[in-house]
Amino acid sequence: MCGIIGFSGDRNCVPILLDGLGTLEYRGYDSAGVAVQTECGIAVYKTKGRLDALRELLKTHPEAQGTCGVGHTRWATHGEPSDINSHPHEAENLTLVHNGIIENYAELKKELETLGYTFVSETDTEVAAKWIGHVYKQIGDPVKTLFAAAKDLRGSFAFGVMYHDRPHTLYAIRRDSPLIVAKTDTAGFIASDIPAILSHTRSYYRPGEDVVAVLCGSDVHFYEESGAEKNLVQETVNWDVEAAQKCGYPHFMLKEIHEEPDALRRTVMPHLKDGVPFFGVPMLDGDGLKDVGTIHIVACGTAMHAGLLGRAWIERFARIRVDVDIASEFRYRNPVLAPNDLVVLISQSGETADTLAALRLAKSRGVHTLAIVNVVGSSVAREADDVIYTWAGPEIAVASTKAYIVQCATLRLFALRLAFVHGKMSEEDVRTRCSALAQEMPAEISETLQLAPQLNEIARRFKEHEHIFYIGRGVDSHLCTEGSLKLKEISYIHCEAYAAGELKHGTISLVEEGTPVVVVITEDSLAEKTISGIREVRARGAYVVCFCASAVADRYSIPADEIVRIPAPAEDAPLPLMTALQMLAYYTSFEMGLDVDRPRNLAKSVTVE
Ligand code: AGP
């Protein structure tokens, strides 16, 4: 998610813009820039990299002074991180910053090119800037221009605009993307989020999608499309900066779990065309998968656990052999790879050393590589032959949550595409399952979030224990693997996940009176077997908490001490159920008073071996 800030006031805006962008760093970014109304007109200073790089650049430009300007931190979506792709972007008559995704930018770009416009970047934002500039040339009114142009744009946006012929004045409009407006006695501000203005004021306005904000110093107005002025209610925030960066959540991890419904929609929707998978990758969208051999999914940690789910779905839907490898093993075991195999690398950060090494090994063997990555322009994304981006947005908490959900969703889309190409599933069945991913599952995850009180109560019990086991069968055993990692990495409780059928081959000797055992059941066909596993461990005194699809709980008498009913049909239940397991881990760590977002010994991205 990009960060936007704008200032119009009585003093040099550059330090204010930089400080404001600094409070938005939590949103994740790969480049930054500012535009300043100087004595010689609007000047743009932007660079790939961190804010420090922008500060260094500005030190070489003493002319970068002015009382009105906009700033931006970019989380790349269209076009790799680079100086030229950074914001602000310019048209001949305006300069703007943008947070969001313009879905129809390609169509607009083509139309603008026929009108003689040229482009210097790969971004959707430059297209938007030139489209708005073109409309401004037709209309001449800065406010009406934004309303008119917004009608032509599909997707999400929050724009901060400076028209070259309207000095000292900022204009702003939004759709879906966040934007706030604030003012003090001497200045006006726009920003993506509250932290950026907290050092100036605690009061702000939250304009809706039907107004344009106009700020000239402390003179701030909001206009409706009719031209009438709109009075907005001023809100006041009582958070500190760090709390504001978490949007009021106590931890980034909880915020990111709550972002999962939107992250899922943002990831799935762009990868559907007429309701079936479409990745914008010729090899995937064409017949390139027809002759694929074995698919090798290679990743680390949570990403590898997503791969386990991917294997289950690819083998079930497409009947294609899939191996899942831990990247640090794959790179050293001299894997057997055939020329028509496919190696799929999964990585949230795209910078995990072992995963990158596995990618390079596969390429050295001449095997096609596909990356599923959450960070645009990251090393894994750049070096793979093909890449499917997930759109979870920046994940700040070390424990991966929303990234896992969108990785699994992408793998499910991939599995459905394979099933269709290999004639194993009708287009209608593919479409039904794609619709469930795009529509029902986000809603089911949202409903699952309401289980927080029950999960918090279970966490209060779990925090007293040193050993906790997770058991399930089939897909459910993979959910257990990830659920136990989530709990152990942020609560430091020893957790192990076992295939439920494996308990009697040794592990059950560890179960004693009161040992908590999490049992996962979404697979209706395996429910009775797993319920036998519940009886086995309860006979040894275990305290059993069963996470299961509601339909399973309705159909079977489950002899658990507690049941967590996941509000989803069995087929859809794995992802919402994982949300519940993530919340259980979160509340256990929270109840233990631990640093949930920054657990000991761990880093967000393991860029070393
Ligand atoms: C996730 O909770 C862990 N922090 C860790 O396992 C992580 O998934 C792993 O390091 C892989 O990271 P990546 O997805 O950025 O490659």
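Treat the numbers as computed from the prediction; the structure is a model and nothing was measured. Residues take numbers from 1 onward in each chain, read along the sequence in its written order. Only residues with pLDDT of at least 70 get local features here, since the model is predicted, and only at 80 or more are side-chain atom pairs given and counted; chain-wide, interface and lining totals rely on the full set of residues. For the side-chain quantities, the full set of heavy atoms in the structure was used; hydrogens and water were omitted.

### Structural notes on the sheet that holds strand β21 (residues 386-389)
Moving on, step 1. We treat two strands as partners when DSSP finds at least two bridges between them. Numbering of helices and strands starts at the N terminus; helices are DSSP runs of H or I of at least 4 residues and strands are runs of E of at least 2. As summarised here, the arrangement of the five strands in space is β18-β17-β19-β20-β21, forming an open sheet in which the pairing is parallel. The open sheet is flanked by β18 (322-326) and β21, the only strands paired with a single partner. Going from strand to strand, the sheet's axes swing by 20 degrees on average, the running direction of each strand aside.
Moving on, step 2. One ladder, built from four bridges, connects strand β20 (residues 368-373) with β21; its direction is parallel. If you follow A371 over to β21, its bridge partner there is V387.
Moving on, step 3. Pairs of residues are marked as contacts when any of their non-hydrogen atoms sit within 4.5 Å. Axis lines are fitted to C-alpha atoms, over the contacting stretch for helices. Their N-to-C directions set the angle, which ranges from 0 to 180 degrees. Relative to the sheet, helix α12 (residues 353-364) contacts β17 (295-299), β19 (342-347) and β20, its axis offset from that of β19 by approximately 165 degrees.
Moving on, step 4. Contacts from helix α14 (residues 402-421) reach β17, β19, β20 and β21, with the element oriented near 160 degrees to β19.

### A look at the site of the ligand
Moving on, step 1. When we say a residue is near a molecule or strand, we mean one of its heavy atoms is within 4 Å of it. Surveying the vicinity of the ligand reveals 14 residues, the closest of which are S347, Q348, S349, T352 and E489.
Moving on, step 2. Counted as a polar contact is a pair of N or O atoms within 3.5 Å, where, for protein atoms, one must be capable of donating a hydrogen and the other of accepting one, and residues adjacent in sequence contribute only when both atoms are in side chains. Between T352 and the ligand, the recorded distance is 2.5 Å, taken from a side-chain N or O atom to an oxygen atom.
Moving on, step 3. In this structure, K486 approaches the ligand through a side-chain N or O atom, which is 2.9 Å from an oxygen atom.
Moving on, step 4. Every accessible area reported is derived by Shrake-Rupley at a probe size of 1.4 Å, with residue values counting cover from the shown protein chains alone. Burial of the ligand by the protein chains amounts to 91% of its free accessible area of 410 Å².
Moving on, step 5. When contributions to the shell around the ligand are tallied by element, the ones reaching two or more residues are α10 (301-318) and α17 (475-491).
Moving on, step 6. With three residues, the top contributor of residues to the shell around the ligand is α10.

### Remarks on the packing of α10 against α17
Two quantities define a packed helix pair, namely the angle between the helix axes and the distance between the axes.
Moving on, step 1. Between α10 and α17, the least distance of the axes is 9 Å, while the angle of their chain directions is 170 degrees. Between α10 and α17, the interaxial angle falls into the category roughly antiparallel. Note on element contacts: α17 touches α10 through V475, H478, L479, T481, E482, L485 and K486, opposite G301, T302, H305, L308, L309, R311, A312, W313 and R316.
Moving on, step 2. Considering only residue class, the contact of α10 with α17 consists of seven nonpolar, five polar and four charged. For classification purposes, an angle smaller than 35 degrees is called roughly parallel, one larger than 145 roughly antiparallel, one from 65 to 115 roughly perpendicular, and anything else oblique. Residues are grouped as follows: nonpolar covers Ala, Val, Leu, Ile, Met, Phe, Trp, Tyr, Cys and Pro; charged covers Asp, Glu, Lys and Arg; every other residue, Gly included, is treated as polar.

### Focus on the nonpolar core
Moving on, step 1. To qualify as a nonpolar core, a set must consist of buried Ala, Val, Leu, Ile, Met, Phe, Trp, Tyr and Cys residues joined through side-chain atoms within 4.5 Å. Accessible area is worked out with a 1.4 Å probe on protein chains only. A residue is then buried under 20% of its type maximum, exposed over 50%, and partly exposed in between. Counting residues in each nonpolar core, the largest one holds 117 residues, and the members touching the most others are I295, I314, F414, L455, F547, I558 and L575.
Moving on, step 2. The element contributing the most residues to this core is α14, with 12 residues.
Moving on, step 3. Ignoring any residue separated from it by four or fewer positions in sequence, one finds F547 in contact with L455, V518, V519, V520, I521, V564, L577, A580, L581 and L584.
Moving on, step 4. In this structure, V14, A187, F189 and A191 belong to the second largest nonpolar core, which totals 30 residues.

### Digging into the packing of aromatic side chains
Moving on, step 1. Paired rings are identified among Phe, Tyr and Trp, the last through its six-membered ring, by centres lying within 6.5 Å, and are further divided according to the angle between planes into stacked (under 30 degrees), edge-to-face (over 60) and tilted (the rest). Here the structure, examined in full by the defined rule, presents eight aromatic pairs.
Moving on, step 2. With 5.7 Å between their ring centres and 45 degrees between their planes, Y389 and W391 make a pair best called tilted. There is no split in this pair, since Y389 and W391 are both buried.
Moving on, step 3. An aromatic cluster is defined as three or more aromatic residues linked by ring pairs; in this entry it consists of Y136, Y163 and Y171.
Moving on, step 4. We note K273 situated over the ring of F278; from NZ or CZ to the ring centre the distance is 4.6 Å.
Moving on, step 5. We call a charge positioned above a ring when the Lys NZ or Arg CZ atom is no farther than 6 Å from the ring centre and deviates by at most 35 degrees from the ring normal. If you follow R412 out to its NZ or CZ, it ends over the ring of W313, 4.7 Å from the centre.

### Observations concerning the side chain of S379
Moving on, step 1. Within the secondary structure, S379 is located in helix α13 (residues 379-383).
Moving on, step 2. On the basis of relative accessible area, S379 is assigned to the buried category, the value being 11%.
Moving on, step 3. With sequence-adjacent residues up to four places away left out, S379 is seen in contact with G350, E351 and L356.

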